[in-house]
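So you can see what is in the structure, the chains are spelled out below.
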There are 2 protein chains.
Amino acid sequence: MKIRIGILGYGNLGKGVESAIRQNPDLELAAVFTRRAPETVKTASEGVRVLSADALETVQDEIDVLVLCGGSATDLPVQTPLYARHYNVIDSFDTHANIPAHFAAVDQAAREGGRVAVISCGWDPGMFSLNRLYADCILPDGKDYTFWGRGVSQGHSDAIRRIEGVADARQYTVPVPEALEAVRRGETPELTTRQKHTRECFVVAKEGADKARIEREIVTMPNYFSDYDTTVHFISEEELLRDHAGLPHGGSVIRTGKTGLCGEHTQVIEYSLKLDSNPEFTGSVLAACARAAYRMSKEGQSGAKTLFDIPPAYLSAKSGEELRAHLL
Amino acid sequence: MKIRIGILGYGNLGKGVESAIRQNPDLELAAVFTRRAPETVKTASEGVRVLSADALETVQDEIDVLVLCGGSATDLPVQTPLYARHYNVIDSFDTHANIPAHFAAVDQAAREGGRVAVISCGWDPGMFSLNRLYADCILPDGKDYTFWGRGVSQGHSDAIRRIEGVADARQYTVPVPEALEAVRRGETPELTTRQKHTRECFVVAKEGADKARIEREIVTMPNYFSDYDTTVHFISEEELLRDHAGLPHGGSVIRTGKTGLCGEHTQVIEYSLKLDSNPEFTGSVLAACARAAYRMSKEGQSGAKTLFDIPPAYLSAKSGEELRAHLL
C-alpha cells in the first residue's frame, strides 16, 4: 500500500514534488489541489485527479499526507494551520524570522487535529539547518557561515520586475570567492553582507525605457540590493529565455571549530549543494519528509515538527537493516 | 544536574572524548576506566577519578553514559554487548562489514538491560553515514562517492610498522584530485580503487635495514597497498616527529542525482570534513551521542541505536525553541 500524497498548489514547487513522487515507489500522487479552475490545470503525470482546494474539506480519507506548495509570505501562514487540523501536512515555510510564530500556530492546530505537521522543509531552511545543527553539536566552540549561490533568487528577480520600465529580470546571488575560500581554510573572518555575496542582474528593459534610471533603482534598492555590490546587464528577451530559463541554486554551510584541551586544533565541516533545479530539489526533500510524517503519524505522534525532530531513518524507504548494512 | 560520563580506555580517542566533554557545560567526566594500572594513568583534567575497568561492576549508579574508546578489532565486539547490559553506552565500532552482527549482539544485551547503546558513532561510520542516508533519501536516482583524506590512516601506518626493519611509519590516504573534481562536477564515473585514492608513506628505517626490500614489501602488501599507487619516503625519526606528529584526516561524501520528469536536472550534495585532529573530532561526535543516549534512556527507550535513529535535536544541548529560532 503506497503512501497517498496530495499536493496543494501546482507551481514550480508543486511540480518538483510531483516529479520526486515519481522517483519514490512507495509514494503515490493521489490528487493535485488548486485554487485555480481545476480544468485549467494539466499535470505532467497521466491520470492524476486535479481538484479544487475546496475539495480538501471532504477528502480526508483519501490523502495520507498533504504537501503545501504555496508561498511563505501569505499562503502558508494561513494554509498550514488550517490544513494541519485535518491532514498530516508538509510545508517549506522559509521566512526565518517568523518560524517560531509559525511553529506555534501549526503546533496547536496539529495537536488539536491529532496530525503531524512538518514545517520549513527544503534546503534552507531544511538541509542547511540540519547541517548547522549537527555541526553546532559537534563543534560547540565554533563559528557558522552560510553562503548561497551561485543561484537564482526569485524574490530579488521579482523585486526588479516591479521597477517601471522592466519587462523581465533574473537575479543571481553569488558568493564572494575570497570569503568562501578563507572560511574553507578554517579562518573565522567577520564578514559584512557586502563581503559575503554579490548580486548579478540580467534585465530585459521595455522599449524606450531609461536604462540608467533602472540600473540606479536596482543598485540603490534598500534590503534587496543597497548592501551589496550589484552588477546589472541589460539583455534581450531572447537572451533571457535562452540563457537564464533555469532555476539553479546552491550554496554551502560551513562551521569552523576548535577542539583540544586548549583549542589547539581546527576542524572544518562543510555541507554544500550544487542544484540544477532549486524547486525539484526542494520538492525531493518535501517528498522524503512526507514519508516521515506518515510514519510518525502512524506511531500516534502529533503536533508540529521540523527536520530537527525526525529520526533520519524515517525519511528513507529502506529498512533499518538495509540502512545499517549499506549506508552506515 | 550534569550528565555524568564515564570513559573506558584512555588512548587518543578517550582523550578526544575528555576534551569534548570540557567544551559541553551540560556534560561532566565522572571517571576514566582503564585496563592498565589506574595509578599509571594521569588524566589531562584535574580531579578526575581513574578506576580499574573492574570497577564498572559496581559503579552503575554513578555513570549516566559510558563511552567505550577501545578498538573495533577485538575490544568493542566484547565490551559493547558486555557493558550495554548495565550502562547506556556509546561506541565507535567501525568495521563496516561487521556492523549488522555487532548491532544484533548489542541490541539484545541493551534490551535485556533496559539500556540505550549507540554504536558506530564518529565520522565514518557516523557523520558520513548520516550524509549518505540523507542524500539517498533526497536523490533516490543517484550515485554515492566517499573520498577519504588527505589524512593519516592508523591501520595502514601499523601495517608498515610490522615490516622487518621499520622503526616507525606514518601513512597518508590521499584522494585523487581528478576523480574528486569529476564527481564534484556532477559526473558519475565508475572508479576503481586505484583511481580514487593514492597512498603516501613516510618510513623511518632501522639502522642498516634494506630500504629497497621495505619499499617492495609495502607497495605489494595485499589489501593495504597492492591495489593503490603507493609512494614511499624514507625519513629520519626527527623528521617524523617534527612533520608528522598530528593525526589529521577528513574526506568527502558526495551524491550526484537526477531529478525531473525525465531526469533532466543534475543535483550534487557534498559533505566534507577537514580535520586537524581525527580523534578529537570523533570524540566530539561521541560526546554529542552520549547526550542523546541519556535523553532516549530517560524517555524509557532501550536497545541498540545508530545516528540513523536519533532525532537530531537530541544531540544538542539547546532547547527546541532555541534551535528553531537560531539554526533553522
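Residues numbered from 1 in each chain as written. Chains lettered and ligands numbered in written order. Predicted model: local features only at pLDDT ≥ 70, side-chain atom pairs only at ≥ 80, totals over all residues. Heavy atoms only, no water.

Our next topic: the overall build of chain A. Assigned secondary structure in chain A consists of 11 helices and 14 strands. A compact globule built from 328 residues would reach a C-alpha radius of gyration of about 20 Å, and chain A, at 22 Å, matches this within 12%. In terms of its C-alpha atoms, chain A occupies a principal-axis envelope of roughly 65 × 55 × 35 Å. Counting the 328 residues in chain A, one finds 58% classified as buried. Here the analysis covers contacts within chain A between residues at least 6 apart in sequence; of these, 68% occur between residues at least 24 apart. (Helix = DSSP H or I, 4+ residues; strand = E, 2+ residues; numbered from the N terminus. Rg over C-alpha atoms; globule rule 2.2 N^0.38 Å. Buried < 20%, exposed > 50% of the residue type's maximum accessible area, 1.4 Å probe, protein only. Contact = heavy atoms within 4.5 Å.)

As a further point, take the nonpolar core. If you look at the biggest cluster of nonpolar residues, it comprises 159 residues, and the most contacted ones within it are Leu66 and Ile90 of chain A together with Leu66 and Ile90 of chain B. In terms of residue count, helix α10 (residues 278–298) of chain B provides more of this core than any other element does, 11 residues in total. In contact with leucine 66 of chain B, other than residues within four places in its own chain, are Gly6, Ile7, Leu8, Phe33, Leu56, Tyr83, Tyr87, Asn88, Val89 and Ile90 of chain B. (Core = buried A, V, L, I, M, F, W, Y, C linked by side-chain atoms within 4.5 Å.)

Listed as interface residues are 66 residues of chain B and, on the opposing side, 66 residues of chain A. The junction of chain B with chain A conceals about 5,900 Å² of combined surface from both sides, 61% of it contributed by carbon and sulfur atoms. Among the residues of chain B in contact with chain A, Arg324, Leu327 and Leu328 of chain B are the three that bury the most area, contributing 13% of the side total. Here chain B is connected to chain A by two salt bridges. Residues aspartate 136 of chain A and lysine 318 of chain B are paired through a salt bridge, measuring 2.9 Å at the closest nitrogen-oxygen approach. If you look at where chain B meets chain A, you find 31 residue pairs in polar contact (both at pLDDT 80 or more). Those elements that provide at least two residues to the side of chain B that touches chain A are α1 (12–22), α3 (99–113), α4 (127–138), β12 (249–259), β13 (265–275), α10 and α11 (320–326) of chain B. Top contributing element to the side of chain B that touches chain A by residue count: β13 of chain B, with 11 residues. Among the residues making up the side of chain B that touches chain A, the classes are represented as 33 nonpolar, 17 polar and 16 charged. (Buried area = accessible area lost by both parts, 1.4 Å probe. Salt bridge = Lys/Arg side-chain N within 4 Å of Asp/Glu carboxyl O. Polar contact = N/O pair within 3.5 Å; in protein donor to acceptor, adjacent residues only side chain to side chain. Nonpolar A, V, L, I, M, F, W, Y, C, P; charged D, E, K, R; others polar.)

For the rest of this paragraph, the subject is the sheet that holds strand β4 (residues 65–68) of chain A. Consider a sheet: its strands pair through backbone hydrogen bonds, and that pairing is either parallel or antiparallel. Residues and elements named next belong to chain A. As summarised here, the arrangement of the seven strands in space is β3-β2-β1-β4-β5-β6-β14, forming an open sheet in which the pairing is parallel. The open sheet is flanked by β3 (49–52) and β14 (303–305), the only strands paired with a single partner. Direction aside, neighbouring strands of the sheet carry axes that sit 25° apart on average. Along the sheet, helix α1 (residues 12–22) makes contact with β1 (3–8), β2 (27–34) and β4, crossing β1 at roughly 165°. Contacting β1, β2, β4, β5 (88–90), β6 (116–118) and β14, helix α10 (residues 278–298) runs over the sheet at an angle of about 155° to β6. (Pairing = 2+ DSSP bridges. Axes fitted to C-alpha atoms, helices over the stretch in contact; angles between N-to-C directions.)

This part covers empty space enclosed by the protein. Taken as a whole and judged by the stated rule, the model has one cavity of 30 Å³ or more. Estimates place the volume of the largest cavity at around 30 Å³. Tyr271 of chain A together with Asn131, Ala135, Val253, Ile254, Arg255, Ile269, Glu270 and Tyr271 of chain B are the residues that line the largest cavity. Looking at the lining of the largest cavity, the elements with two or more residues in it are α4, β12 and β13 of chain B. (1 Å grid on protein atoms, 1.4 Å probe; cavity = no way out; pocket = protein on both sides within 12 Å on 5 of 7 lines; lining within 4 Å. Points joined across faces, edges and corners; volume = space filled by probe spheres on them.)

Next up on the list: the relation of the copies chain B and chain A. The transformation that overlays chain B on chain A combines an axial shift of 0.0 Å with a rotation of 180°, and the residual RMSD is 0.0 Å. Here the symmetry operator amounts to a two-fold rotation axis. (Least-squares fit on C-alpha atoms with pLDDT ≥ 70 in both.)

All names here are of chain A. For helix α5 (residues 154–161), the complete set of buried residues consists of His156, Ser157, Ala159 and Ile160. Looking straight down α5, one finds its buried side chains confined to an arc of 160°; they lie on one side. Along its buried surface, α5 packs onto β8 (151–152), β9 (166–175), β10 (197–205) and α8 (211–219). (Arc of directions from axis to C-beta.)

Take the packing of helix α2 (residues 75–84) of chain A against helix α3 (residues 99–113) of chain A next. All names here are of chain A. Contact pair α2 / α3: the axes reach a minimum separation of 7 Å and the direction vectors enclose 20°. The angle between the axes of α2 and α3 places the two elements in the roughly parallel class. Classified by chirality, the crossing of α3 by α2 is right-handed. Together, Leu76, Pro77, Thr80, Pro81 and Ala84 of α2 and His102, Ala105, Val106, Ala109 and Ala110 of α3 make up the contact between the two elements. Here the contact of α2 with α3 is composed, by residue class, of eight nonpolar, two polar and no charged. (Parallel < 35°, antiparallel > 145°, perpendicular 65-115°, else oblique. Left-handed = near helix turned anticlockwise from the far one by under 90°.)

Right, let's get into the environment of isoleucine 138 of chain B. Mapped onto the elements of the fold, isoleucine 138 of chain B is located in helix α4. Remark: the alpha-carbon pair of isoleucine 138 of chain B and threonine 40 of chain B, spanning 98 residues in sequence, is separated by 51 Å. Residue contacts for isoleucine 138 of chain B: discarding those within four places in its chain leaves Met127, Phe281, Ser284 and Val285 of chain A together with Ile269 of chain B.

Let us now look at the side chain of serine 277 of chain B. Residue and element names in this part refer to chain B. Structurally, serine 277 can be placed in the loop between β13 and α10. For serine 277, a relative accessible area of 5% corresponds to the buried category. Among the polar contacts made by the side chain of serine 277, one reaches the main-chain amide nitrogen of glutamate 280 at a distance of 3.1 Å.

Next up on the list: the side chain of threonine 266 of chain A. With respect to the helices and strands, threonine 266 of chain A occurs in strand β13 (residues 265–275). For threonine 266 of chain A, a relative accessible area of 16% gives the class buried. Apart from residues no more than four positions distant in its own chain, threonine 266 of chain A is found in contact with Gly186, Thr256, Gly257 and Lys258 of chain A together with Lys274, Leu275 and Asp276 of chain B.

This next bit is on the pattern of salt bridges. Side-chain pairs of opposite charge can arise where the charged atoms are in close proximity. Per the stated rule, a full pass over the model turns up 42 salt bridges over all chains. Here glutamate 321 of chain A and arginine 324 of chain A are joined by a salt bridge, their closest N and O atoms 3.9 Å apart. Of this pair, glutamate 321 of chain A and arginine 324 of chain A both sit in helix α11 (residues 320–326), three residues apart, which is roughly one turn of the helix. The exposure class of arginine 324 of chain A is buried, given its relative accessible area of 11%. Members of the salt-bridge network, linked through shared partners, are Asp136, Asp144 and Arg255 of chain A together with Lys318 of chain B.

Attention now goes to the pairing of strand β2 (residues 27–34) of chain B. All names here are of chain B. Burial within β2 is extensive, with seven of its eight residues counted as buried. The sheet contact formed by strand β1 (residues 3–8) and β2 spans six bridges and is parallel. In the sheet register, glycine 6 faces β2, and the bridge partner there is alanine 31. Crossover β1 to β2 through α1 is right-handed. As defined by bridge partners, β2 adjoins strand β3 (residues 49–52) across four bridges and the pair is classed as parallel. Directly across from valine 32, in β3, lies its bridge partner valine 50. (Right-handed = clockwise from strand over helix to strand, strands pointing away.)

Nothing here speaks to function; it is geometry throughout.
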